[in-house]
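Structural overview for review
Each chain is listed here by its residues.
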Amino acid sequence: MMWVVRRILSSVVQRAQYAGQPGLLRRPRHGSLPELELRYLQCTCCWRSRVPVAGFETMNATVTTEPCKEGDSRPLDACYTSKQREVILQLLNNATQSELDSIKLLRGRKTLNIVDYRTKNGPFKTLESVVNVSLLKHKNAVMVFQSILNPVKKKVKIHLAKFIRPEVDRSWLEDANSIVSIVCGTDKIAWAHVDRGMMVLDWQQFMCPNFLKGPYMASAYLNDVSSVVALLPPADFYLIEKPSISVQNTNLFPVMAHMRTVEAMLFALLEPKMSPPESNVPPRVLNMMRTAVGRHFELMVGESRASGAQVVRQLMTESATQKLPRINFPRELLVRYRHHFQMGSRRGGEELCNALLQAMTFYELLSESYS
(Lines give C-alpha, C1' and ligand atoms only; values in the text may rest on other atoms or scores of the structure.)
Protein backbone atom coordinates (compact mmCIF):
# COMPACT_ATOMS: atom_id res chain seq x y z
CA MET A 1 0.00 0.00 0.00
CA MET A 2 2.83 2.39 0.85
CA TRP A 3 4.45 2.06 -2.58
CA VAL A 4 1.17 3.12 -4.20
CA VAL A 5 1.11 6.33 -2.12
CA ARG A 6 4.69 7.03 -3.05
CA ARG A 7 3.93 6.55 -6.76
CA ILE A 8 1.02 8.98 -6.62
CA LEU A 9 2.96 11.67 -4.72
CA SER A 10 5.94 11.31 -7.03
CA SER A 11 3.68 11.82 -10.04
CA VAL A 12 2.27 15.00 -8.52
CA VAL A 13 5.77 16.35 -7.83
CA GLN A 14 6.87 15.64 -11.39
CA ARG A 15 3.87 17.50 -12.82
CA ALA A 16 4.56 20.48 -10.59
CA GLN A 17 8.21 20.56 -11.66
CA TYR A 18 7.24 20.18 -15.32
CA ALA A 19 5.03 23.27 -14.95
CA GLY A 20 8.05 25.23 -13.63
CA GLN A 21 6.98 25.02 -9.97
CA PRO A 22 9.62 24.18 -7.35
CA GLY A 23 7.12 22.66 -4.90
CA LEU A 24 3.71 21.08 -4.70
CA LEU A 25 1.91 24.41 -4.47
CA ARG A 26 2.84 27.78 -5.84
CA ARG A 27 0.99 31.07 -6.07
CA PRO A 28 0.27 31.40 -9.83
CA ARG A 29 -1.43 34.80 -9.57
CA HIS A 30 -2.47 37.50 -7.09
CA GLY A 31 -4.94 36.36 -4.46
CA SER A 32 -4.07 32.63 -4.48
CA LEU A 33 -2.32 30.61 -1.80
CA PRO A 34 1.35 31.45 -1.15
CA GLU A 35 4.27 29.40 -2.39
CA LEU A 36 5.03 26.34 -0.27
CA GLU A 37 8.36 24.63 0.05
CA LEU A 38 8.79 20.88 -0.60
CA ARG A 39 8.83 18.90 2.65
CA TYR A 40 9.38 15.21 3.42
CA LEU A 41 8.16 12.50 5.80
CA GLN A 42 9.94 9.26 6.60
CA CYS A 43 8.42 6.08 5.09
CA THR A 44 6.61 4.18 7.85
CA CYS A 45 7.65 0.83 6.37
CA CYS A 46 11.42 1.03 6.02
CA TRP A 47 12.10 4.35 7.83
CA ARG A 48 14.73 5.10 5.21
CA SER A 49 12.85 6.36 2.16
CA ARG A 50 11.52 9.92 2.17
CA VAL A 51 8.00 10.73 1.01
CA PRO A 52 7.52 14.29 -0.33
CA VAL A 53 4.65 16.28 1.22
CA ALA A 54 3.50 19.88 1.10
CA GLY A 55 4.40 22.09 4.07
CA PHE A 56 0.85 22.82 5.17
CA GLU A 57 2.02 24.29 8.49
CA THR A 58 3.99 26.81 6.44
CA MET A 59 0.86 27.61 4.49
CA ASN A 60 -1.06 28.40 7.69
CA ALA A 61 1.73 30.60 9.00
CA THR A 62 2.21 32.65 5.85
CA VAL A 63 -1.36 33.37 4.81
CA THR A 64 -1.70 37.05 5.58
CA THR A 65 -3.80 39.94 4.45
CA GLU A 66 -2.57 43.14 2.93
CA PRO A 67 -4.14 46.48 3.85
CA CYS A 68 -6.51 47.94 1.28
CA LYS A 69 -4.97 50.50 -1.01
CA GLU A 70 -6.45 53.21 -3.17
CA GLY A 71 -8.33 51.63 -6.05
CA ASP A 72 -8.51 48.23 -4.31
CA SER A 73 -11.86 46.58 -5.02
CA ARG A 74 -11.75 44.18 -2.08
CA PRO A 75 -14.20 44.67 0.82
CA LEU A 76 -12.65 46.34 3.86
CA ASP A 77 -13.11 43.22 6.02
CA ALA A 78 -10.99 41.21 3.58
CA CYS A 79 -8.03 43.53 4.09
CA TYR A 80 -7.51 42.67 7.76
CA THR A 81 -7.12 39.58 9.90
CA SER A 82 -9.84 38.59 12.32
CA LYS A 83 -7.72 39.86 15.21
CA GLN A 84 -7.20 43.22 13.54
CA ARG A 85 -10.91 43.53 12.78
CA GLU A 86 -11.69 42.78 16.42
CA VAL A 87 -9.30 45.51 17.64
CA ILE A 88 -10.72 48.13 15.27
CA LEU A 89 -14.37 47.35 15.99
CA GLN A 90 -13.75 47.14 19.75
CA LEU A 91 -12.38 50.68 19.76
CA LEU A 92 -14.95 52.20 17.41
CA ASN A 93 -17.84 50.64 19.35
CA ASN A 94 -16.67 51.33 22.90
CA ALA A 95 -14.42 54.41 22.90
CA THR A 96 -15.81 57.62 24.35
CA GLN A 97 -15.98 60.79 22.28
CA SER A 98 -12.80 62.17 23.86
CA GLU A 99 -10.97 58.87 23.27
CA LEU A 100 -12.05 58.83 19.63
CA ASP A 101 -10.99 62.44 19.28
CA SER A 102 -7.44 61.52 20.35
CA ILE A 103 -6.98 59.18 17.36
CA LYS A 104 -5.07 60.56 14.41
CA LEU A 105 -7.34 61.56 11.47
CA LEU A 106 -10.40 61.04 13.66
CA ARG A 107 -11.01 64.42 15.21
CA GLY A 108 -13.82 66.91 15.25
CA ARG A 109 -16.80 66.16 13.04
CA LYS A 110 -15.77 62.56 12.25
CA THR A 111 -15.83 61.69 15.93
CA LEU A 112 -19.28 63.21 16.37
CA ASN A 113 -20.56 61.32 13.31
CA ILE A 114 -19.33 57.99 14.73
CA VAL A 115 -21.03 58.62 18.08
CA ASP A 116 -24.26 59.64 16.31
CA TYR A 117 -24.17 56.54 14.10
CA ARG A 118 -23.66 54.24 17.11
CA THR A 119 -26.55 55.88 18.93
CA LYS A 120 -28.96 55.50 16.00
CA ASN A 121 -27.87 52.17 14.50
CA GLY A 122 -26.10 50.30 17.29
CA PRO A 123 -22.49 49.06 17.25
CA PHE A 124 -20.55 48.44 14.05
CA LYS A 125 -20.68 44.77 13.08
CA THR A 126 -18.26 44.90 10.14
CA LEU A 127 -15.57 47.24 8.91
CA GLU A 128 -17.54 47.75 5.74
CA SER A 129 -20.37 49.28 7.77
CA VAL A 130 -18.03 52.08 8.93
CA VAL A 131 -18.16 53.69 5.48
CA ASN A 132 -21.84 54.46 6.16
CA VAL A 133 -20.62 57.15 8.55
CA SER A 134 -20.47 60.58 7.00
CA LEU A 135 -16.90 61.73 6.16
CA LEU A 136 -15.57 58.17 6.54
CA LYS A 137 -15.60 56.79 3.03
CA HIS A 138 -13.32 53.99 1.88
CA LYS A 139 -10.02 55.88 1.67
CA ASN A 140 -10.50 57.80 4.93
CA ALA A 141 -11.70 54.66 6.74
CA VAL A 142 -8.55 52.76 5.71
CA MET A 143 -6.33 55.55 7.04
CA VAL A 144 -8.24 55.61 10.33
CA PHE A 145 -7.99 51.81 10.68
CA GLN A 146 -4.23 51.96 10.16
CA SER A 147 -3.84 54.67 12.80
CA ILE A 148 -5.81 52.50 15.26
CA LEU A 149 -3.65 49.44 14.56
CA ASN A 150 -0.37 51.37 14.49
CA PRO A 151 -0.71 54.36 16.83
CA VAL A 152 2.20 56.75 16.72
CA LYS A 153 3.06 58.08 20.13
CA LYS A 154 4.43 61.54 19.59
CA LYS A 155 6.78 62.65 22.33
CA VAL A 156 6.78 66.38 22.88
CA LYS A 157 10.29 67.76 22.72
CA ILE A 158 11.00 69.80 25.84
CA HIS A 159 13.90 72.23 25.80
CA LEU A 160 15.48 72.72 29.20
CA ALA A 161 16.36 76.38 28.59
CA LYS A 162 12.71 77.20 28.04
CA PHE A 163 11.78 76.10 31.57
CA ILE A 164 14.79 77.37 33.55
CA ARG A 165 14.85 80.90 34.95
CA PRO A 166 16.99 82.92 35.05
CA GLU A 167 18.82 81.79 31.92
CA VAL A 168 22.20 80.19 32.55
CA ASP A 169 24.86 79.37 30.01
CA ARG A 170 24.67 75.67 29.27
CA SER A 171 28.35 75.08 30.04
CA TRP A 172 27.69 75.94 33.69
CA LEU A 173 24.81 73.47 33.83
CA GLU A 174 26.88 70.73 32.21
CA ASP A 175 29.67 71.18 34.75
CA ALA A 176 27.35 70.87 37.76
CA ASN A 177 28.37 67.91 39.92
CA SER A 178 25.16 67.96 41.97
CA ILE A 179 21.92 69.88 42.40
CA VAL A 180 19.37 70.24 45.16
CA SER A 181 15.79 70.17 43.92
CA ILE A 182 13.36 71.97 46.25
CA VAL A 183 9.55 71.82 46.27
CA CYS A 184 7.31 73.83 48.58
CA GLY A 185 3.96 72.52 49.82
CA THR A 186 1.27 74.07 51.97
CA ASP A 187 2.77 72.68 55.18
CA LYS A 188 6.23 71.38 54.29
CA ILE A 189 9.29 71.78 52.09
CA ALA A 190 10.92 68.75 50.45
CA TRP A 191 14.25 68.43 48.68
CA ALA A 192 16.28 65.88 46.75
CA HIS A 193 20.06 66.09 46.41
CA VAL A 194 21.08 64.26 43.20
CA ASP A 195 24.49 64.11 41.52
CA ARG A 196 25.23 64.00 37.78
CA GLY A 197 25.58 60.21 37.94
CA MET A 198 21.89 60.02 38.90
CA MET A 199 22.58 58.94 42.47
CA VAL A 200 20.29 60.24 45.22
CA LEU A 201 22.54 61.64 47.92
CA ASP A 202 19.84 63.07 50.17
CA TRP A 203 16.04 63.04 50.07
CA GLN A 204 13.85 64.38 52.84
CA GLN A 205 11.18 66.88 53.86
CA PHE A 206 10.72 69.34 56.69
CA MET A 207 7.39 70.18 58.32
CA CYS A 208 6.73 73.93 58.56
CA PRO A 209 4.17 74.59 61.35
CA ASN A 210 3.76 78.30 60.55
CA PHE A 211 2.72 77.88 56.91
CA LEU A 212 -0.82 79.13 56.19
CA LYS A 213 -1.65 79.29 59.89
CA GLY A 214 -3.76 82.27 60.92
CA PRO A 215 -2.74 85.80 59.91
CA TYR A 216 0.34 86.16 57.77
CA MET A 217 3.53 86.80 59.80
CA ALA A 218 6.77 87.34 57.90
CA SER A 219 8.90 86.47 60.92
CA ALA A 220 7.14 83.12 61.35
CA TYR A 221 7.63 82.25 57.70
CA LEU A 222 11.26 83.31 57.86
CA ASN A 223 11.82 81.06 60.86
CA ASP A 224 10.51 77.96 59.02
CA VAL A 225 12.31 78.69 55.75
CA SER A 226 15.58 79.45 57.56
CA SER A 227 15.36 76.11 59.36
CA VAL A 228 15.06 74.35 56.00
CA VAL A 229 17.97 76.26 54.44
CA ALA A 230 20.18 75.27 57.39
CA LEU A 231 19.54 71.61 56.55
CA LEU A 232 20.13 71.81 52.79
CA PRO A 233 23.39 70.21 51.61
CA PRO A 234 25.85 72.23 49.50
CA ALA A 235 25.39 71.91 45.73
CA ASP A 236 26.27 73.67 42.49
CA PHE A 237 22.66 74.70 41.86
CA TYR A 238 19.47 74.92 43.88
CA LEU A 239 16.42 74.25 41.71
CA ILE A 240 13.14 75.63 43.10
CA GLU A 241 9.83 74.49 41.62
CA LYS A 242 7.84 77.27 39.95
CA PRO A 243 4.15 76.46 40.58
CA SER A 244 1.62 76.86 37.79
CA ILE A 245 -1.21 78.44 39.79
CA SER A 246 -3.23 80.85 37.70
CA VAL A 247 -3.61 84.37 39.07
CA GLN A 248 -7.12 84.43 37.60
CA ASN A 249 -8.31 81.82 40.10
CA THR A 250 -9.18 84.02 43.06
CA ASN A 251 -9.95 81.01 45.27
CA LEU A 252 -6.30 79.93 45.10
CA PHE A 253 -4.87 83.40 45.69
CA PRO A 254 -3.87 82.66 49.35
CA VAL A 255 -2.01 79.54 48.23
CA MET A 256 -0.30 81.41 45.39
CA ALA A 257 0.77 84.20 47.77
CA HIS A 258 2.11 81.56 50.17
CA MET A 259 4.13 79.85 47.41
CA ARG A 260 5.56 83.12 46.13
CA THR A 261 6.56 84.19 49.64
CA VAL A 262 8.43 80.96 50.36
CA GLU A 263 10.04 81.08 46.91
CA ALA A 264 11.28 84.63 47.44
CA MET A 265 12.72 83.74 50.87
CA LEU A 266 14.51 80.70 49.45
CA PHE A 267 16.07 82.84 46.72
CA ALA A 268 17.17 85.46 49.24
CA LEU A 269 18.63 83.00 51.76
CA LEU A 270 20.33 80.68 49.27
CA GLU A 271 21.71 83.52 47.12
CA PRO A 272 22.48 86.20 49.69
CA LYS A 273 24.87 88.12 47.44
CA MET A 274 23.98 88.56 43.79
CA SER A 275 27.00 88.81 41.51
CA PRO A 276 27.12 91.62 38.95
CA PRO A 277 26.32 90.55 35.36
CA GLU A 278 29.81 91.34 34.09
CA SER A 279 31.40 88.91 36.58
CA ASN A 280 30.33 85.89 34.45
CA VAL A 281 29.35 83.97 37.59
CA PRO A 282 26.05 82.10 37.22
CA PRO A 283 23.33 82.35 39.85
CA ARG A 284 23.14 79.40 42.21
CA VAL A 285 19.35 79.47 42.58
CA LEU A 286 17.13 78.67 39.61
CA ASN A 287 13.43 78.21 38.95
CA MET A 288 12.06 75.24 37.02
CA MET A 289 8.51 75.22 35.73
CA ARG A 290 6.28 72.57 37.28
CA THR A 291 4.69 71.85 33.90
CA ALA A 292 8.08 70.86 32.42
CA VAL A 293 8.35 68.01 34.91
CA GLY A 294 4.76 66.96 34.23
CA ARG A 295 5.36 66.82 30.48
CA HIS A 296 8.65 64.99 30.81
CA PHE A 297 7.09 62.21 32.89
CA GLU A 298 3.77 62.37 30.99
CA LEU A 299 1.80 63.37 34.08
CA MET A 300 -0.17 66.19 32.48
CA VAL A 301 -3.96 65.83 32.30
CA GLY A 302 -5.06 68.84 30.33
CA GLU A 303 -3.60 71.82 32.15
CA SER A 304 -3.32 69.95 35.47
CA ARG A 305 -0.62 67.58 36.68
CA ALA A 306 -1.33 64.15 38.12
CA SER A 307 0.49 62.60 41.07
CA GLY A 308 3.95 61.19 40.45
CA ALA A 309 3.73 58.62 43.28
CA GLN A 310 3.37 55.65 40.93
CA VAL A 311 6.38 56.78 38.89
CA VAL A 312 8.51 57.09 42.03
CA ARG A 313 7.43 53.64 43.25
CA GLN A 314 8.53 52.19 39.92
CA LEU A 315 11.86 54.03 40.08
CA MET A 316 12.52 52.69 43.58
CA THR A 317 11.70 49.14 42.47
CA GLU A 318 14.03 49.42 39.49
CA SER A 319 16.81 50.74 41.71
CA ALA A 320 16.52 47.68 43.95
CA THR A 321 16.16 45.09 41.16
CA GLN A 322 17.97 46.34 38.06
CA LYS A 323 21.68 46.59 37.39
CA LEU A 324 21.42 49.87 35.51
CA PRO A 325 18.33 51.70 36.84
CA ARG A 326 17.22 55.11 35.69
CA ILE A 327 18.20 56.55 39.07
CA ASN A 328 19.99 54.98 42.05
CA PHE A 329 18.75 55.11 45.65
CA PRO A 330 20.89 54.21 48.68
CA ARG A 331 19.48 51.27 50.59
CA GLU A 332 18.66 53.38 53.64
CA LEU A 333 16.44 55.69 51.56
CA LEU A 334 14.65 52.74 49.99
CA VAL A 335 13.92 51.38 53.46
CA ARG A 336 12.87 54.77 54.84
CA TYR A 337 10.38 55.56 52.09
CA ARG A 338 9.20 52.10 51.07
CA HIS A 339 5.66 52.78 52.39
CA HIS A 340 5.39 56.52 51.70
CA PHE A 341 4.00 56.37 48.18
CA GLN A 342 1.43 53.59 48.43
CA MET A 343 -2.18 54.12 47.35
CA GLY A 344 -4.15 55.71 50.19
CA SER A 345 -1.03 56.55 52.19
CA ARG A 346 -1.36 59.50 54.56
CA ARG A 347 2.35 60.04 55.00
CA GLY A 348 2.30 63.11 52.73
CA GLY A 349 4.86 62.14 50.13
CA GLU A 350 3.71 64.29 47.20
CA GLU A 351 6.35 66.97 47.75
CA LEU A 352 9.03 64.27 48.05
CA CYS A 353 7.91 62.81 44.72
CA ASN A 354 7.96 66.19 43.02
CA ALA A 355 11.41 67.11 44.34
CA LEU A 356 12.90 63.86 43.03
CA LEU A 357 11.18 64.03 39.63
CA GLN A 358 12.27 67.65 39.19
CA ALA A 359 15.93 66.71 39.73
CA MET A 360 15.65 63.83 37.26
CA THR A 361 13.97 66.07 34.68
CA PHE A 362 16.81 68.57 34.97
CA TYR A 363 19.52 66.00 34.26
CA GLU A 364 17.62 64.07 31.61
CA LEU A 365 16.59 67.16 29.65
CA LEU A 366 20.16 68.42 29.95
CA SER A 367 21.41 65.15 28.45
CA GLU A 368 18.85 65.22 25.64
CA SER A 369 19.52 68.84 24.79
CA TYR A 370 23.27 68.59 24.53
CA SER A 371 23.90 65.02 23.39
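Scroll up to find the structure this text is about.
Figured I'd write up the structure that's included with this text. (Residues numbered from 1 in each chain as written. Predicted model: local features only at pLDDT ≥ 70, side-chain atom pairs only at ≥ 80, totals over all residues. Heavy atoms only, no water.)

This brings us to the packing of aromatic side chains. In this structure the tally under the stated criterion is eight aromatic pairs. Here Tyr117 and Phe124 contribute two aromatic rings whose centre-to-centre distance is 5.0 Å and whose plane-to-plane angle is 0°, an arrangement assigned as stacked. Taken individually, Tyr117 and Phe124 each receive the classification buried, so the pair is uniform in this respect. A centroid spacing of 6.4 Å and a plane angle of 35° characterise the contact between Tyr337 and Phe341, whose relative ring orientation is tilted. An identical accessibility class is assigned to Tyr337 and Phe341; each is buried. A connected cluster of aromatic rings, assembled from ring pairs, spans Trp203, Phe329, Tyr337 and Phe341. (Phe/Tyr/Trp six-rings, centres within 6.5 Å; stacked < 30°, edge-to-face > 60°. Buried < 20%, exposed > 50% of the residue type's maximum accessible area, 1.4 Å probe, protein only.)

Right, let's get into a negative patch on the surface. A contiguous patch of negative charge on the surface is contributed by Asp169, Glu174, Asp175 and Asp236. According to the relative accessible area criterion, Asp236 is partly exposed, its value standing at 33%. (Patch = residues over 30% accessible without salt bridge, like charges linked within 9 Å, V, L, I, M, F, W, Y side chains within 5 Å. Areas by Shrake-Rupley, 256 points an atom, 1.4 Å probe, with all protein chains shown as cover. Salt bridge = Lys/Arg side-chain N within 4 Å of Asp/Glu carboxyl O. Lys, Arg positive; Asp, Glu negative; His and termini not counted. Charge placed at Lys NZ, Arg CZ, Asp CG, Glu CD.)

This part covers the sheet that holds strand E4 (residues 178-184). Taken together, the six strands give an open sheet; going across it, the order is E3-E8-E7-E4-E5-E6, and neighbouring strands pair in mixed fashion. Edge positions in the sheet fall to strand E3 (164-165) and strand E6 (200-207), since each of these pairs with one other strand and no more. Bridge count between strand E7 (residues 237-242) and strand E8 (residues 285-289): five bridges; the pairing is parallel. Pairing of Glu241 across the sheet is with Met288, part of E8. Packed on one face of the sheet, helix H8 (residues 218-231) meets strand E5 (188-195) and E6 and runs near 160° to E6. Taken strand by strand, helix H9 (residues 253-270) contacts E4, E5, E7 and E8, and its axis lies near 170° from that of E7. (Pairing = 2+ DSSP bridges. Helix = DSSP H or I, 4+ residues; strand = E, 2+ residues; numbered from the N terminus. Contact = heavy atoms within 4.5 Å. Axes fitted to C-alpha atoms, helices over the stretch in contact; angles between N-to-C directions.)

Right, let's get into the pattern of salt bridges. Inspection of the entire model under this criterion finds six salt bridges. Between Arg290 and Glu241 there is a salt bridge, and its shortest N-O distance comes to 3.2 Å. Residue Arg290 is located in helix H10 (residues 290-296), and its partner Glu241 is located in strand E7; the two are separated by 49 residues in the primary sequence. Linked by salt bridges that have partners in common, Asp187, Lys188 and Glu351 make up one network.

Distances and angles like these do not, on their own, reveal function.
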